[in-house]
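# An overview of the molecular structure
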Amino acid sequence: MKKLSELEKDAEGVIAAVNGDPRFVSRITSIGLTPGCRVTVIKNEKNRPLLVYSRDTMIALNRQECDLVEVEGGKA
Amino acid sequence: MTDQNEKVVALLGQPNSGKSTLFNALTGMRQHVGNWPGKTVEKKEGHFSHNGTEYLAVDLPGTYSLSANSDEEMITRDYIASGKADVVCILADSSQLERSLYMLADYAGITVPCFLVLNMSDVAAAQGKTVNAKKLEKKLGIPVISFSAPDTKSYDSFYTVLERTVREKPVLGADELESRYEELETYGRIKEMIPDGVIPGYSKMWLATKAVEKDVPVTAKIRAALPEADKMAFDAAVSRTDKGVVLTGERKFAWIDGLLSDTAASKKTKVALGRFDRLITHRFWGKPVVILIILLGLIASFIPALPLMGVGQLIAKIPDPLNEAMLNIGCPAFLAAIVCDVLLRSLSFIVQMLGFVFGVTLVFGLLEEIGVMARISYVFDNTMAKLGLQGKSVMPFLISFGCTMGGAAGTRVIDNWGQKVLTIALAWAVPCGAAWAVIPMLSTVFFGAWVPVIIAVILLVMLLHMWLTAKVFGRSLVKREDQCGMIMELPPYHKPKWGALFRYVFGRTKDTFVRALKVVVIVAFAFWLLSYTSSGDITDSILYKAGHAVEPFTRIFGMGWQTFMAFIASSLGKEGALGVLSTIYTGTGTISVGSMVGGAVAENINELLTANVSKPEALALIFAMTFNMPCIVALAATYQETHSAKWTARIALYYTGIALVLAGIAYHVGMLIW
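Residues numbered from 1 in each chain as written. Chains lettered and ligands numbered in written order. Predicted model: local features only at pLDDT ≥ 70, side-chain atom pairs only at ≥ 80, totals over all residues. Heavy atoms only, no water.

### A closer look at helix 25 (residues 542–549) of chain B
All names here are of chain B. Basically, it comes down to this: Between buried and exposed lies partly exposed: a residue is buried under 20% and exposed over 50% of the maximum accessible area for its type, with that area taken using a 1.4 Å probe on protein chains only. Counting from the N terminus, the helices are DSSP H or I runs at least four residues long and the strands are E runs at least two residues long. To be clear, the arc concerns the directions from the helix axis to the C-beta atoms. Note on contacts: a residue pair qualifies if any of its non-hydrogen atoms lie within 4.5 Å across the two residues.
Burial in helix 25 covers these residues: Leu543, Tyr544 and Gly547. Along the long axis of helix 25, the arc covered by the buried residues comes to 100 degrees, so they all point the same way. The inward-facing, buried residues of helix 25 abut helix 24 (498–531), helix 26 (551–556) and helix 27 (561–570).

So this is what it looks like as structure tokens:
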């Protein structure tokens, strides 16, 4: 398992777990990032928010928050 | 609301679901914007009628779900539970159906009649996505329509479905979803314990799901309704589930997948950023591009603004001849002065700026609607988060270099009320166009070649001021939970709905005009009273006497009564300060509202100033004026945008105080130098 922020550009993965406080978990669930969901990293540059694509949606995520999302199978 | 027959339709949808566009298209200029009682969340209501029935549309705050994590979500939930809405219109984005149906899944279990609008069907079609609304309708048990805001035919089916929902009162079918919840260990146990009627309109299924999610208010309500003996067992069941939101979330999406499996189709396309998105998300070019877009938007705002500015300037030409004419026909001088000096000058002043408000609302409303504003928010999120703000706040700041009133109008695209008020409060620190016209000129008169240094210091002080103001007001305006890191979608671009946009812009401009006129006339009148003398000698006015009386106090801040008058005048309008100094030092005429808002300046003003004002005092005045309240129209616009007299007054007093402190510092620094 890796952190979402460790996936490189264009890597695909499946979300394995979402950690963090209830507010964050609720927020990230409601935007569609739930366990079992496929994500593609579109952009991952240092000091910038991550851009991921999931459920037909382009989502911008803060880097620290990405550390709380664990993914599986992402070819780095 | 007074009409008993009026049907209430509440609009529910995630941000970017096109909710505001639909609301504007339905209600146009018949809108009322205020705050939810006791909450720092904007409340938008509007009226429309169709086939002889009057409707009240309530634009519920844009939220991603119906959990209890923010005021917005609580308001939305409580409003639906209040029973005030006859029907709820749930919006989803057809181009991102799977994700945006989450709101529908979270609604399941609520028994208030509803219908589903699959918005942005045009965007979805362009991406090769189709959805069978009829089939979906059968599965859900509620009316479902495909909808596209720019397409006028869409509205016919919207009204038809609205009428059908009002008539037939369909309730969203939730059995299928519930059977998925039943897989969860504690769901059944919790549901069994829930007594009837804990929250009207919310079924046991909905309440049980929220209890599994450890939703604090719902859990407390259920607990309160339980007999003492059951409370322990309930608490135990609730605490047994870990990360309930994730568990129910997975099931909600599984339910959505099941719904869409045979009703929606899409071509598998490789995802990639468009050319513009690649540019705007570029680590180096992103920010310059955003700033360029905003500056171009600012220039574009002037195009619709120019005609109104012309009208305002024409109005400004009326007072002098009219005053004379009124005096000639024997009209009392004070009456002529009120009409000409107070009413007409105020009107002229507002009309000139109103064009800019119109332009800014239109141009930046358009950028919001087509999806560019979300990108701006993304690019500046990191920077603005340091001030507790959204990335979008960068836009009002830049507009405020032109006009603070325009900046205030630009905050409309910020969806969080507290962050909106804080953005306006910080935007006041940005020296506006009028300051840039007056300050370099004053600086040149006194300091010649040092002007660039003074301007650099002003810009530096501006940044410090904004940082300080964010610290001072941030804590009470922006809750900690709103400062959490960015989780936002970059919505697909879509075509604007011009008619709705224009009606909205006209409506908001009209509101601003009415409110601003009230505030400006009151302030101008008060000022006129203070400066009025029957003798025409300035030393007879209350203003002079008061100014003289407080001079020992204003001296602390480096200002004599004359420059203090100019400072006071600059809070009405920066250009006015020069007019006031000119009047005082030439000793001719009275200070009037006319001279406040851009009156004539004596030709030898430069000599007059250098002869009467010392360098440290001039420096004090420069800082006092620059960081004073921008002008009365900005004050009025702040009130209009925040709907809060309390916050408007608080910001105004704070700025006056800080301006004096800065003046004092400038003065004492000046004393050391000269």
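### So, the interface of chain A and chain B
For the record, the criterion: Defined in terms of a 1.4 Å probe, buried area is the accessible area two parts forfeit on being brought together, summed over both. Throughout this description, the term salt bridge denotes a Lys or Arg side-chain nitrogen within 4 Å of a carboxyl oxygen of Asp or Glu. Two N or O atoms form a polar contact when they lie within 3.5 Å of each other; inside protein one atom must be a possible hydrogen donor and the other a possible acceptor, and for residues adjacent in sequence the pair counts only when both atoms belong to side chains.
Between chain A and chain B, the residue contacts involve 32 residues of the former and 38 residues of the latter. Roughly 3300 Å² of surface becomes buried between chain A and chain B when both sides are summed, with 57% attributable to carbon and sulfur atoms. Connecting chain A to chain B are two salt bridges. Salt-bridge contacts for Asp56 of chain A lead to Lys129 of chain B; the nearest nitrogen and oxygen are separated by 3.9 Å. Between chain A and chain B we count 14 residue pairs in polar contact (both at pLDDT 80 or more) in total.

### A short note on the environment of Gly433 of chain B
Residues and elements named next belong to chain B. Secondary-structure assignment places Gly433 in helix 22 (residues 433–447). With 234 residues separating them along the chain, Gly433 and Tyr667 place their C-alpha atoms 24 Å apart. Residues within four places of Gly433 in sequence aside, it is in contact with Phe401 and Gly402.

### A look at a nonpolar patch on the surface
The line we're drawing: Patches draw on residues past 30% relative accessible area with no salt bridge. Two like charges within 9 Å are joined, as are two nonpolar side chains (Val, Leu, Ile, Met, Phe, Trp, Tyr) within 5 Å. Residue exposure ignores everything except the shown protein chains as possible cover, and the areas themselves are Shrake-Rupley values with a 1.4 Å probe.
Among the surface-exposed residues, Val661, Ile665, Val669, Leu672, Ile673 and Trp674 of chain B lie close enough to one another that they form a single nonpolar patch of about 620 Å² accessible area. Relative to the helices and strands, Ile665 of chain B resides in helix 33 (residues 645–673).

### A closer look at the confidence of the model for chain A
Short version of the rule: Known as pLDDT, the predictor's per-residue confidence is scaled from 0 to 100.
Looking at chain A as a whole, the pLDDT averages 86, with 96% of positions reaching at least 70. Highest mean pLDDT in chain A belongs to strand 2 (residues 12–18) of chain A (91); lowest belongs to helix 2 (residues 63–66) of chain A (82).

### Some points on the domain arrangement of chain B
Buried accessible area, meaning the area lost when the parts come together, often serves as the stated size of an interface. All names here are of chain B. Keep this limit in mind: Here the bounds of each domain stem from an automatic or database domain assignment.
By the assigned domains, chain B splits into domain 1 (7–173), domain 2 (176–266) and domain 3 (509–673). Of note, the centres of domain 1 and domain 3, computed from C-alpha atoms alone, are 49 Å apart. Between domain 1 and domain 3, the residue contacts involve five residues of the former and four residues of the latter. Together, the buried faces of domain 1 and domain 3 total about 320 Å²; carbon and sulfur atoms form 45% of this surface. Counting across the interface, domain 1 meets domain 3 through one residue pair in polar contact (both at pLDDT 80 or more). At three residues, the largest contribution of residues to the side of domain 1 that touches domain 3 is made by strand 2 (residues 31–35).

### Remarks on the pattern of salt bridges
Residues and elements named next belong to chain B. Per the counting criterion, the structure on display carries 35 salt bridges over all chains. Lys210 is paired through a salt bridge with Asp106; the nearest N and O atoms lie 2.9 Å apart. In this pair, Lys210 sits in helix 10 (residues 204–212) while Asp106 sits in helix 4 (residues 102–107), placing the two residues 104 residues apart along the sequence. Judged by its relative accessible area of 3%, Asp106 falls in the buried class. Of the charged contacts, one joins Arg555 and Glu551 as a salt bridge, the two residues approaching to 3.6 Å between their closest N and O atoms. Placement of the pair is Arg555 and Glu551 together in helix 26, with a separation of four residues, close to one helical turn. Each of Lys134, Glu137, Arg164, Arg167 and Glu168 takes part in a single network of salt bridges with overlapping partners.

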